[in-house]
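Summary of structural features
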Amino acid sequence: MTFKDSEKFEKKEIHRNMDIWDDVPDDENLLDENGPTVLESYTQPENNGMRMDKYLSETYPEYSRSWFQKLIRDGQVLADEKPVKANYKVAPGQKILVRVPAPKTLDVLPENIPLDILYEDDDVLLINKPKDMVVHPAPGHPDHTVVNAVMYHCKNQLSGINGVMRPGIVHRIDKDTTGVIVICKNDRAHLSLARQLKEHSITRRYEAIVYNNFTKDEGTVDAPIGRSPGDRKKMAITPKGRPAVTHYKVLKRLGKYSYIQCTLETGRTHQIRVHMASIGHPLLGDTVYGPSKCPFHLMGQTLHARILGFIHPSTGRYMEFEAPLPDYFKALLEKLDS
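Computed from a predicted structure; not experimentally measured.

1. Digging into the overall build of the protein chain
When its secondary structure is counted, the protein chain shows six helices and 16 strands. Expressed as a percentage of its 338 residues, the buried residues of the protein chain come to 49%. Within the protein chain, counting contacts between residues at least 6 apart in sequence, those at least 24 apart form 66% of the total. Approximately 17,100 Å² of the protein chain is accessible, and the part contributed by carbon and sulfur atoms is 49%.

Now the structure itself:
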C-alpha cells in the first residue's frame, strides 16, 4: 500500500539530495555516498500551533520525537524551505521537508540464529519470535537479537528507516512475549507498514492467560498509557499518557485463571500487560505488573502474538499470518484445564 494524496493528508518520500539544502552544512558522519532521503508533508488546520518535533513524530511514527529534535538542531528540517528552530510551531498549509540522513554503517553483527519463518517475499519477512529473545539490540542485550538473526538471513536487504540499531524493525514485542512479527526489507515497505500502524488498520490479536475470572465474556479497556511517575522503567495508566485501546474476549475459563484473546487498536509499550492489570487481570507470569511470585515455573508473562494482518505494500492485498502457540503455553493450558 502506498501513501495517498488527499485534501486532508498528504505525505510522500523523495529520494536523494535536494538543491534547497545547498547552504546547510552536511554532517559527514551521518551521510554516505548515496545521499539522504527527504520526507515531504503538508500541515493541516488541526496542526496549528503544534511544536514541529511533535508534529513530525505524529506524522512519521516510525521515528522518535527526540530523533526529530536532533534533526531540527542539525538544520535538517525546513518549513516552507527555511530551517526551523527547536521551539518552532507549525501553521496550516506549510510544506515541511525533512532530510533523513542515510543510515550509518551498522555495528551490529549478523548471527546465524535459526528463524521460525512464517512467510517471506521481496518486501517483508514474517517470523514466529521465541521466548527470551530481544527484538533489537539495546543496553544489556547487544547481540543474539532478532536484528542479528535477520541481518544474517536477509544480508543487505533490510529497511534503514528505524535507525542503525533497528534495521527492518517497524514494530516489536517484548522479550518474553512470543509470536508473529514483521520485518521490512526495504524503506517503501517500512513506510507502508508504519502508516498502517498509525492508522490502526493492522490486525493484531494476542492470546494470554490471566489471573482471575471475568464477570463478562468480553470488553474494552480504553485508558491512556505513559511512563509510570513512580518508576520510569514501568508503564502506567496516566492522564498524560498516549491513547490506548485493548479489546478482550474470554476464550476459556480456567478456575482461578482465564484464557483470553486481546485485539489491539493501538500499540503502546506493555499495553496488554498494563491494561489487563488495571482491571484486576494481570498476566500469569508477569511479575512486573502482577504478583511478584508465580505459582508456576514460567519465564515471563504468558502472552503470545497469535495473528498479524496488514495490506501488503506491493500487492495492495490484505494478508493475515498466524503463529501457533508455543509448547509451554499449550502445556500450561492443558494443566490448568485438567
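Now that the structure has been shown, we can carry on.
2. A closer look at the pattern of salt bridges
In the structure shown here, the tally under the stated rule is 17 salt bridges. Here Arg172 makes a salt bridge to Asp174, at a shortest N to O gap of 3.6 Å. Across the salt bridge formed by Arg273 and Asp174, the nearest N and O atoms sit 3.1 Å from each other. Placement of Arg273 in helix α5 (residues 271-278) and of Asp174 in the loop between α3 (146-154) and β8 (178-184) is noted, with a sequence separation of 99 residues between them. With a relative accessible area of 7%, Arg273 lands in the buried category. Salt bridges here are not isolated pairs; linked through shared partners, they connect Arg172, Asp174, Arg273 and Asp286.

3. Examining α5
Across the eight residues that make up α5, a large majority, six, are buried. Buried within α5 are the following residues: Gln271, Ile272, Arg273, Val274, His275 and Met276. Two residues or fewer after α5 comes Gly280, characterised by a positive phi angle close to 85°.

4. Some points on the nonpolar core
One finds Ile183 and Phe310 to be the most contacted residues of the largest nonpolar core, which totals 47 residues. In terms of residues, this core owes the most to one element, α3, which gives six residues. When neighbours within four sequence positions are excluded, Ile183 is seen to be in contact with Asp123, Val124, Leu125, Ile127, Val146, Val150, Leu158, Gly168 and Ile169. If you look at the next biggest cluster of nonpolar residues, it comprises 19 residues, including Tyr55, Tyr60, Tyr63 and Val100.

5. Quick notes on helix α4 (residues 187-198)
Between the first and last C-alpha of α4 there are 16 Å, a value that for 12 residues agrees with the 16 Å anticipated at 1.5 Å per step. Counting buried residues along α4, nine of its 12 residues qualify, which places the element largely inside the surrounding structure. Taken residue by residue, α4 has Ala189, His190, Leu191, Ser192, Leu193, Ala194, Arg195, Gln196 and Leu197 as its buried positions. His200 lies just past α4 and shows a positive phi near 60°.

6. What to know about the side chain of His270
Looking at the element boundaries, His270 is found in the loop between β14 (257-264) and α5. When sequence neighbours within four positions are dropped, the list of residues in contact with His270 reads Asp174, Met235 and Tyr289.

7. Topic: the packing of aromatic side chains
For the structure on display, the rule yields eight aromatic pairs. Each ring, one from Trp67 and one from Phe68, has its centre 5.6 Å from the other, and the planes form 70°; the classification is edge-to-face. When its relative accessible area of 28% is taken as the criterion, Trp67 is described as partly exposed. When the centroid spacing of 5.9 Å and the interplanar angle of 65° are considered together, the rings of Tyr328 and Phe329 count as edge-to-face.

8. A closer look at the side chain of Thr59
Here Thr59 lies in helix α1 (residues 52-59). Accessibility expressed as a relative area gives 4% for Thr59, which makes it buried.

Scoring rules and cut-offs
Residues numbered from 1 in each chain as written. Predicted model: local features only at pLDDT ≥ 70, side-chain atom pairs only at ≥ 80, totals over all residues. Heavy atoms only, no water. Helix = DSSP H or I, 4+ residues; strand = E, 2+ residues; numbered from the N terminus. Buried < 20%, exposed > 50% of the residue type's maximum accessible area, 1.4 Å probe, protein only. Contact = heavy atoms within 4.5 Å. Areas by Shrake-Rupley, 256 points an atom, 1.4 Å probe, with all protein chains shown as cover. Salt bridge = Lys/Arg side-chain N within 4 Å of Asp/Glu carboxyl O. Core = buried A, V, L, I, M, F, W, Y, C linked by side-chain atoms within 4.5 Å. Expected span 1.5 Å × (residues − 1). Phe/Tyr/Trp six-rings, centres within 6.5 Å; stacked < 30°, edge-to-face > 60°.

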